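As a plain string of letters, each chain reads:
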Amino acid sequence: MIPFDYHRATSVADAVTAVAERPDAVFLAGGTNLVDHMKLGILEPSLVVDVGHLPLTDIEQLPDGALRVGADVRNSDLAAHPVVRSRYPVLARALLSAASGQLRNLATTAGNLLQRTRCVYFQDVTTPCNKRTPGEGCSAIGGYVRYHAILGASEHCVAVHPSDMAVAMAALDAQVVFVDAEGEHRLPLTEFHRLPGDRPDRDTELPPGALITAVEIPAPPDGARSTYRKVRDRASYAFALTSVAAELIVDDGTVTSARIALGGVAHKPWRARRAEEVLTGAPATEDTFRRAADAELVDAQPLPGNEFKVELTRRTIIATLTELSEQR
């Protein structure tokens, strides 16, 4: 057993203060990722601050039509919420494609965003890993890479972010709300996660000791259609080989708005800006969708062993856009 101190936070301010005083402290909510890492020896905190009982479980519509999701809202509750199901089907479908029902009943919104890669080398403390310990090396390069990155990787890390929910939220232009010692702040979700660069140990731009309190999702534009498509090795309880979250507006056969994010292909949810540029103002046809996919994947750099992911992602983008364009 590795001993640690436990503190049950009584407020957001109490939680932030407790962690600020102990640099190696961690927050605990659902624990579906943290507890695994403590068991594996990836993480050995001296203090665990329980924030799972704070009043951060509300889902509410704001005056401007946006949706505010509390940090401790469980994935199952978010997926089943009537507003999410009706106005943000891409988010509901992403959540329901993730993990198992038992895990979704426990996993939280903030914890989902903060979960770390499922790279087998990261989770095996007997192998070198720059994400665990900078400077050790990357065992995945030259190793088993079926699930690894084809976009945005570096010589220091080729792991991918495992979340489905975060991919949908990236496509929806969500903002992460967090509190630190200086007060409340907001950060676009597309800027929240980091590419590996030479510091793959840093997953996000969240300041040390900051606590996520909510995620805010803008109201969907009129006429928007959205969906999530995930390709994986088995029908359930599997991480994405590739996935596509897309929101499309088609007016009289022309794409007037497009928001797309990709999962399973990069160190962070990958916002497909190049594809969006090709789509906007173009006819909603398979040829346009193909050109958009090609534009997004032109700089893909697969590894020996995951070359198939480029064509798989291309086909998944085309299929997802075709599905949305045919909706009535």
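Note: the structure precedes this text.
Notes on the structure follow. Since this is a predicted model, take the numbers as computed values, not measurements.

Quick notes on the rules
- Residues numbered from 1 in each chain as written.
- Predicted model: local features only at pLDDT ≥ 70, side-chain atom pairs only at ≥ 80, totals over all residues.
- Heavy atoms only, no water.
- Pairing = 2+ DSSP bridges.
- Helix = DSSP H or I, 4+ residues; strand = E, 2+ residues; numbered from the N terminus.
- Contact = heavy atoms within 4.5 Å.
- Axes fitted to C-alpha atoms, helices over the stretch in contact; angles between N-to-C directions.
- Polar contact = N/O pair within 3.5 Å; in protein donor to acceptor, adjacent residues only side chain to side chain.
- Buried < 20%, exposed > 50% of the residue type's maximum accessible area, 1.4 Å probe, protein only.
- Salt bridge = Lys/Arg side-chain N within 4 Å of Asp/Glu carboxyl O.
- Parallel < 35°, antiparallel > 145°, perpendicular 65-115°, else oblique.
- Left-handed = near helix turned anticlockwise from the far one by under 90°.
- Nonpolar A, V, L, I, M, F, W, Y, C, P; charged D, E, K, R; others polar.

## Quick notes on the sheet that holds strand E9 (residues 225-231)
With antiparallel pairing, four strands are arranged side by side in an open sheet as E9-E10-E11-E12. At either margin of the open sheet sits one strand with a lone partner, and together these are E9 and strand E12 (270-271). Pairing of strand E10 (residues 242-251) with strand E11 (residues 254-263), which is carried by nine bridges, proceeds in the antiparallel orientation. Paired with glutamate 247 across the bridge in E11 is arginine 259. Across the sheet, helix H5 (residues 89-96) lies against E9 and E10, angled at about 20 degrees from E9, the strand it touches most.

## Points about the side chain of histidine 161
By secondary structure assignment, the location of histidine 161 is in the loop between helix H7 (109-114) and helix H8 (165-171). One polar contact links histidine 161 to histidine 193, side chain to side chain, over a distance of 3.4 Å. Beyond its immediate chain neighbours, meaning those up to four positions away, histidine 161 contacts Asn112, Leu113, Gln115, Ala166, His193, Gly264, Ala266, His267, Lys268 and Pro269.

## Overview of H5
Burial analysis of H5 places six of its eight residues in the buried class, the great majority of the element. Looking only at H5, the buried set comprises Pro89, Val90, Leu91, Ala92, Ala94 and Leu95.

## Thoughts on the pattern of salt bridges
Counted under the stated rule, the structure contains 24 salt bridges. Notably, a salt bridge pairs glutamate 184 with arginine 186, separated by 3.2 Å at the nearest N-O pair. The closest approach of N and O atoms between arginine 273 and glutamate 276, which form a salt bridge, is 4.0 Å. Of this pair, arginine 273 and glutamate 276 both sit in helix H10 (residues 273-279), three residues apart, which is roughly one turn of the helix. Given a relative accessible area of 8%, glutamate 276 falls into the buried group.

## Some details on the packing of helix H11 (residues 286-297) against helix H12 (residues 308-325)
Where H11 meets H12, the closest approach of the two axes is 9 Å, and the angle between their N-to-C directions is 140 degrees. Here H11 lies oblique to H12, going by the angle between them. Here H11 and H12 pass one another in a crossing that is right-handed. Every residue of H12 that contacts H11 at Glu286, Phe289, Arg290, Ala293, Asp294 and Leu297 is listed here: Val310, Thr313, Arg314, Ile317, Ile318, Leu321, Thr322 and Ser325. Here the contact of H11 with H12 is composed, by residue class, of seven nonpolar, three polar and four charged.

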